[in-house]
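Structural overview for review
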Amino acid sequence: MTQTVAAPPEQQSWSQLLGLGLLRTSWRLFAAHWWQLVAVAACAYVAHDLVMRLALLAYRAGALPGLLVFSLVPLVPLVAIVLMLLVLRQRQGTRGGVAAFVAAIGSVLVPFLVVYESQGDFTDDLSEFLYGGFQDVADEQMALGFAGEETDPNAYDHLAIDTSAPLVLAVVVLAFLLRAVGARLAAKDTLWEGSGAKRGLRTTLHSLVGYAEIVWIVVGAAVINTTIRGLHDWWQGRRLGRALADWWESVTISLPTFGTIGEWLVTAVGTVLDGVVTGLVTPLAWLAIGVVIYGLSAADSISEDEVVDAVRRQSRLQKVTQRVDPAVVTLAWRRIADTEGHFGALLGGVAMILRSRFAPVLVFCLLYTALSTWLPYLLWDLARTLLSRIDYIDWLALYGPIQAVSQIVVLCVTAPLLAAFADALLTRFGARSQLRLADQGIGSSM
């Protein structure tokens, strides 16, 4: 009887293990579609400014109308990155259309807001919104004063955002209910069968659901932030809170070395947390966005059983798949296609990332952090070198255009990188590559 010996698994090079071949894929994507990426990024930059101005106009009517329009400001860069990922993806015939596009945006809204806040963009936009509203009123009052007319000392009262007001809380609750009920109504195909007018109403409902989603999250986050700050102030005003604060100060005074060590620990912990958010949380959130966007269409072309078989075929992960219930992988793949739940697609994308290989994911985190952090500095240094002899006033005039170019370039460079790594992660689970390349014979390294 002849015994058959299984062939040893093929040894992979360091480049394959780390997924460095995906750098070439991302470069090919950029070279093939750079003008489309630049067009989307430039339009997003202009649209962001226009929506901010629209929010400032609504702010003149009151804090709540301004806040409702301001909720659309974070939606602009999200729409831009989703459009870029779709530009780099092959045309799909099964999950196309405006409704699928809106569903894709709603599915990645939560990880995008994590990225948007961690990078400080949300804080900058909110500061610009609040400062711009007060500045407009200040200019009006100043013009009245110069004209010799009487100014209004209460002109700023309607600009104060009271997130604890019943009307604000009611808006959050109504937006949440509209998102929950509207999503279920839009998911019932029997309600929308028939004429094209019904399909148009369904698309409108999807858009309203997406807007309600971002309203209750953005305004709700503001309410929670204000509530926590109010509880902190309330606690500081209590006798027990003041007593504990005085005791803590006495400990730092009686033990000087503890105070020094405490300051060092606070600084070290803050630095480590900033590094974790910048180097891990933000890139992983972007990767989850890419996996969800591409996974929505990949879920139509591969069954759940095929996903489990693809994982088991990975020779280096056999021990892992033996310990993991196949139902976990199946559920994660099913969740990616769930565009109606609040966090279904997000949980599925995160699960797929956790089931992927550690090394390529870490490489993506390092590359994305390096590009998004250092590329703006390199562009500013280049501008300073080329324009070293201009006056300070001219520098102020060029600040806006250079900042716009910097944001556009970073977005255009990081989008192909995100597309390449997200597509490779999905192909590892048996999906077909969706990238728009001249030849599609690209293996997965994740």
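Residues numbered from 1 in each chain as written. Predicted model: local features only at pLDDT ≥ 70, side-chain atom pairs only at ≥ 80, totals over all residues. Heavy atoms only, no water.

What follows is about the packing of helix H2 (residues 21-59) against helix H17 (residues 392-428). Between H2 and H17, the shortest axis-to-axis distance is 8 Å and the interhelical angle comes to 135°. When the axes of H2 and H17 are compared, the pair comes out oblique. Crossing handedness for the pair H2 and H17: right-handed. Residue-level inspection shows Leu-22, Leu-23, Thr-25, Ser-26, Leu-29, Phe-30, Leu-37, Val-38, Ala-41, Ala-42 and Tyr-45 of H2 in contact with H17, the latter providing Gly-400, Ala-404, Gln-407, Ile-408, Leu-411, Cys-412, Pro-416, Leu-417, Ala-419, Ala-420, Phe-421 and Ala-424. Of the residues in the contact of H2 with H17, the class split is 19 nonpolar, four polar and no charged. (Axes fitted to C-alpha atoms, helices over the stretch in contact; angles between N-to-C directions. Helix = DSSP H or I, 4+ residues; strand = E, 2+ residues; numbered from the N terminus. Parallel < 35°, antiparallel > 145°, perpendicular 65-115°, else oblique. Left-handed = near helix turned anticlockwise from the far one by under 90°. Contact = heavy atoms within 4.5 Å. Nonpolar A, V, L, I, M, F, W, Y, C, P; charged D, E, K, R; others polar.)

Now for the environment of His-48. Relative to the helices and strands, His-48 resides in helix H2. Sequence-distant contacts of His-48, defined by excluding residues within four places in its chain, comprise Val-73, Val-76, Pro-77, Tyr-116 and Asp-125. At 3.1 Å, the side chain of His-48 and the side chain of Asp-125 are in polar contact. (Polar contact = N/O pair within 3.5 Å; in protein donor to acceptor, adjacent residues only side chain to side chain.)

This next bit is on the layout of surface pockets. Left-over empty space is what a probe sized like a water molecule reveals as it rolls over the atoms. By volume, the largest pocket amounts to about 1400 Å³. In terms of lining residues, the largest pocket is bounded by 39 residues, among which Tyr-116, Gln-119, Asp-121, Gln-403 and Gln-407 are the most central. For the lining of the largest pocket, the per-class residue count stands at 22 nonpolar, twelve polar and five charged. (1 Å grid on protein atoms, 1.4 Å probe; cavity = no way out; pocket = protein on both sides within 12 Å on 5 of 7 lines; lining within 4 Å. Points joined across faces, edges and corners; volume = space filled by probe spheres on them.)

Scanning the entire structure with this criterion turns up three salt bridges. In this structure, Arg-60 and Glu-140 form a salt bridge, with 1.9 Å as the shortest nitrogen-oxygen distance. Pair noted here: Arg-60 is in the loop between H2 and helix H3 (63-70) and Glu-140 is in helix H7 (residues 121-146), with a separation of 80 residues, a long-range link. Note that Arg-384 and Asp-381 form a salt bridge whose closest N and O atoms lie 2.9 Å from each other. Placement of both Arg-384 and Asp-381 in helix H16 (residues 358-386) is noted, with a separation of three residues, approximately one turn of the helix. According to the relative accessible area criterion, Asp-381 is partly exposed, its value standing at 34%. (Salt bridge = Lys/Arg side-chain N within 4 Å of Asp/Glu carboxyl O. Buried < 20%, exposed > 50% of the residue type's maximum accessible area, 1.4 Å probe, protein only.)

Another aspect to go through is the nonpolar core. Grouped together as the largest cluster of nonpolar side chains are 83 residues, with contacts concentrated most on Phe-70, Leu-78, Met-84, Trp-286, Leu-287, Val-291 and Tyr-294. Aside from chain neighbours lying at most four places away, what touches Met-84 is Leu-37, Val-40, Ala-41, Leu-411, Cys-412 and Ala-415. In this structure, Ala-183, Ala-186, Trp-192 and Val-209 belong to the second largest nonpolar core, which totals five residues. (Core = buried A, V, L, I, M, F, W, Y, C linked by side-chain atoms within 4.5 Å.)

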